Amino acid sequence: MKLAKDLVAASTVPLVLAILEEGESYGYAIIQRVRELSDGEIEWTDGMLYPVLHWLEEEQYVKTRWETSEAGRKRKYYSLRADGRKHLADHVAQWKLVHATLRRAWRINHV
Amino acid sequence: MSNLETRIAEWRARMLRALPHRYETVAELEEHLREHCADLQRQGKSDGEAFALAQERIGEPQAIAREFNRMPACWRPGLILLPVLALTLAFFLGYYFWFTSQRLPITALMVASLVTSTTGFFGLVGSALIATTACLKSARRPLSERERLAVRRMLAKLARLSVVFIAIGWAAGTAWRSQLIWNSAWMLWSYHLRLAGLLASVVLLIFVHARPATSDRVRWLTAMLPFLVVLFSSFGPFLGFANIPVGWVCVVILLVGQVYFALPRFRIRIERLPDRD
C-alpha cells in the first residue's frame, strides 16, 4: 500500500525517534528497521531520511558521532537525547489520540 | 578505479553540486549508497544493477537538496524566556534597590554587582571572539557543518548567560549608584543610555539565535555587536577594560580564536570524514 505523502511526512519524526529509542543507529540501518517494522509496506525515498535526521540534530533531539564501521568506512551514528525522549512521548500521546478518535469514528471495535 | 567507484565518484560530484560545501552530509549519503550497493551485490546483483537500484532508492540529488532547505525552521521561544525573566526581575529589583538603598548592605551589593556584570561582559567578549574567528576562518575555507553548529550553539548559550549576569549586575548596582557614585544627572543618564544600548544589542543577539532560519553570517555579526558597544561606549572605566588597549584586546581575540578552531574536537571531526575527493 502506498502511503499518502502527508502521512509519511507526519509519521517520519515519531518513527525515527522510536527507532532511536531502541538504541544508537545510523541512516541505512534506520531505513532497514522501518521496512522491518512495517513488513515492507512503508518505503521511503532513502535520501529523504537525512534532512529529517539533521533537523533532529539541530533541534537537539538527537546527538551524533562519526564512527568507523566494520568495513573501515566512516558512519554517522545518531542517538536520542533527553529532549528527544520527551518529544517522542508528545508524539506518542498525540498519535494515540488520533488513533483512538479514528477508531471510534469508524466504529472499529477490534484491534 | 573500478566501474562502480567511477560511478560513485560521479554521483558524489552531482550531490556536491546540489548541496555545496556540505561535505559531511554528502559523505553520509555516500556511505548509505555504498552500503546499499554492497547489500544488493551480496544478493547477486552486478555492479551496474546494484548501483542503479541504490541510486534510485536514495533519490535525486536536487530533490534531496530541496528537502534539506525545506525543513521547518521554527521559533524557539524557550530560548528567549530566561533572558526576559532575568531582565524583568532585574528591573523591579533595581527599582526597589534605588529607593531603599539607605537600608541595604551597600558594599556587599557593590561587590556582587561588579562580579556578575564583569562575568557577563566576559561572556560577550567570548561570543565576539568566537564570532570573529568564525568569520575569518570562513573567508579562508568554508566551515564544516559541525563547526557551524558548534559556533551557533556556543553563541546562543553565551548570549543567554551574559544577559542574565548583566541584568543581575545592573540590579545589584543600583543601590550603590543611588548613594555613592553620581550626583550628576548627566552621568546617571549616560550610564543608563549605554546600558540600554548594550542590552538592546544582546537582546537582538538572543532573538537572532531563537530564529533558526537566520544565516550564520548574520549570527556572527550580531554576536560582535554587544562587544563593540562595550568597547566604544566608555563602559570601560567602571570595569577595568579601560586599562587594556583596544588593539591588544583584538589581538588576543584573534589568537584565542585560532586556538579554539584548532581544538582536536573540531579538527578530528573534519579529518575523520571519508577522503575521496
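Description of the structure in this document. (Residues numbered from 1 in each chain as written. Chains lettered and ligands numbered in written order. Predicted model: local features only at pLDDT ≥ 70, side-chain atom pairs only at ≥ 80, totals over all residues. Heavy atoms only, no water.)

## Re the overall build of chain A
- Helices and strands together make up the secondary structure of chain A, namely four helices and three strands.
- The order of α-helices and β-strands along chain A, N terminus first, is α-β-α-α-β-β-α.
- A total of 111 residues make up chain A; the buried ones form 41% of that total.
- Across chain A, the fraction of contacts at a sequence separation of at least 24, relative to all contacts at a separation of at least 6, is 45%.
- Total accessible area on chain A is roughly 6500 Å²; 55% of this is exposed by carbon and sulfur atoms. (Helix = DSSP H or I, 4+ residues; strand = E, 2+ residues; numbered from the N terminus. Buried < 20%, exposed > 50% of the residue type's maximum accessible area, 1.4 Å probe, protein only. Contact = heavy atoms within 4.5 Å. Areas by Shrake-Rupley, 256 points an atom, 1.4 Å probe, with all protein chains shown as cover.)

## A word on the nonpolar core
- Judged by nonpolar contacts, the single largest core of 39 residues is most densely connected at V16, L49 and L56 of chain A together with L29 of chain B.
- Counting residues per element, the ones that place at least two in this core are α1 (5–21), α2 (27–37), α3 (49–58) and β3 (74–80) of chain A together with α1 (3–18), α2 (23–42), α3 (47–58) and α4 (61–70) of chain B. (Core = buried A, V, L, I, M, F, W, Y, C linked by side-chain atoms within 4.5 Å.)

## Notes on the interface of chain A and chain B
- In this assembly, 29 residues from chain A lie in contact with 32 residues from chain B.
- Between chain A and chain B, the buried area comes to about 3000 Å², and carbon and sulfur atoms account for 52% of it.
- In terms of surface lost to chain B, no three residues of chain A exceed Y28, W66 and R73 of chain A, which account for 27% of the buried area on that side.
- At the junction of chain A with chain B, the criterion picks out four salt bridges.
- Where E58 of chain A meets R152 of chain B, a salt bridge forms, and the shortest distance between an N and an O atom there is 2.4 Å.
- Here chain A and chain B share 12 residue pairs in polar contact (both at pLDDT 80 or more) between them.
- Looking at the side of chain A that touches chain B, the element that brings in the most residues is α3 of chain A, giving seven residues.
- Class assignment for the residues of the side of chain A that touches chain B results in 11 nonpolar, seven polar and 11 charged. (Buried area = accessible area lost by both parts, 1.4 Å probe. Salt bridge = Lys/Arg side-chain N within 4 Å of Asp/Glu carboxyl O. Polar contact = N/O pair within 3.5 Å; in protein donor to acceptor, adjacent residues only side chain to side chain. Nonpolar A, V, L, I, M, F, W, Y, C, P; charged D, E, K, R; others polar.)

## Digging into the packing of aromatic side chains
- Across all of its chains, the model carries five aromatic pairs over all chains by this definition.
- Between Y26 of chain A and Y77 of chain A, the aromatic rings sit 5.4 Å apart at their centres with planes inclined by 75°, giving edge-to-face as the arrangement. Here Y26 of chain A is found in strand β1 (residues 25–26), whereas its partner Y77 of chain A is found in strand β3, with 51 residues between them in sequence.
- Residue Y77 of chain A is classed as buried on the basis of its relative accessible area, which comes to 14%.
- Plain terms: the ring middles of F91 of chain B and F92 of chain B are 5.6 Å apart, the flat faces sit at 80° to each other, and that makes the pair edge-to-face.
- A relative accessible area of 54% means that F92 of chain B is categorised as exposed.
- The aromatic ring of Y77 of chain A is capped on one face by R65 of chain A, whose charged end is 5.3 Å from the ring centroid.
- Sitting over the ring of Y26 of chain A, R75 of chain A keeps its end group 3.9 Å from the ring centre. (Phe/Tyr/Trp six-rings, centres within 6.5 Å; stacked < 30°, edge-to-face > 60°. Lys NZ or Arg CZ within 6 Å of the ring centre and 35° of its normal.)

## Quick look at the pattern of salt bridges
All names here are of chain B.
- The full count for this structure, using the stated rule, is 17 salt bridges over all chains.
- Between D39 and R42 there is a salt bridge, and its shortest N-O distance comes to 2.4 Å. Remark: R42 and D39 occur in helix α2; sequence separation between them is three residues, near one turn of the helix.
- Its salt-bridge partner being R152, residue D216 comes within 3.0 Å of it at the nearest N-O pair. Of this pair, D216 sits in helix α9 (residues 216–232) while R152 sits in helix α7 (residues 145–181), placing them 64 residues apart in sequence. Like D216, the residue R152 is buried in the burial classification.

## Structural notes on a nonpolar patch on the surface
Residue and element names in this part refer to chain A.
- Taken together, the side chains of V98, L102, W106 and I108 make up a nonpolar region of the molecular surface, amounting to roughly 360 Å² of accessible area.
- By secondary structure assignment, the location of W106 is in the segment after α4 (82–105).
- You can call W106 exposed: its relative accessible area is 56%. (Patch = residues over 30% accessible without salt bridge, like charges linked within 9 Å, V, L, I, M, F, W, Y side chains within 5 Å.)

## Description of the packing of α1 of chain A against α2 of chain A
Residues and elements named next belong to chain A.
- Where α1 contacts α2, the two axes come as close as 10 Å, and the packing angle between them is 100°. Our classification of the angle between α1 and α2 gives roughly perpendicular. Packed against α1, whose contacting residues are L15, V16, I19 and L20, the element α2 presents I30, R33, V34 and L37 at the interface.
- Here the residues of the contact of α1 with α2 are counted per class, giving seven nonpolar, no polar and one charged. (Axes fitted to C-alpha atoms, helices over the stretch in contact; angles between N-to-C directions. Parallel < 35°, antiparallel > 145°, perpendicular 65-115°, else oblique.)

## Notes on empty space enclosed by the protein
- Applying the stated criterion across every chain yields a total of two cavities of 30 Å³ or more.
- When its volume is computed, the second largest cavity comes out at roughly 50 Å³.
- Lining the second largest cavity, in full, are Y26, G27, Y28, Y50, R75 and K76 of chain A together with E28, E31, H32 and E35 of chain B.
- When contributions to the lining of the second largest cavity are tallied by element, the ones reaching two or more residues are α2 and β3 of chain A together with α2 of chain B.
- Per-element tally for the lining of the second largest cavity: the top contributor is α2 of chain B, with four residues.
- Split into classes, the residues belonging to the lining of the second largest cavity amount to three nonpolar, two polar and five charged. (1 Å grid on protein atoms, 1.4 Å probe; cavity = no way out; pocket = protein on both sides within 12 Å on 5 of 7 lines; lining within 4 Å. Points joined across faces, edges and corners; volume = space filled by probe spheres on them.)

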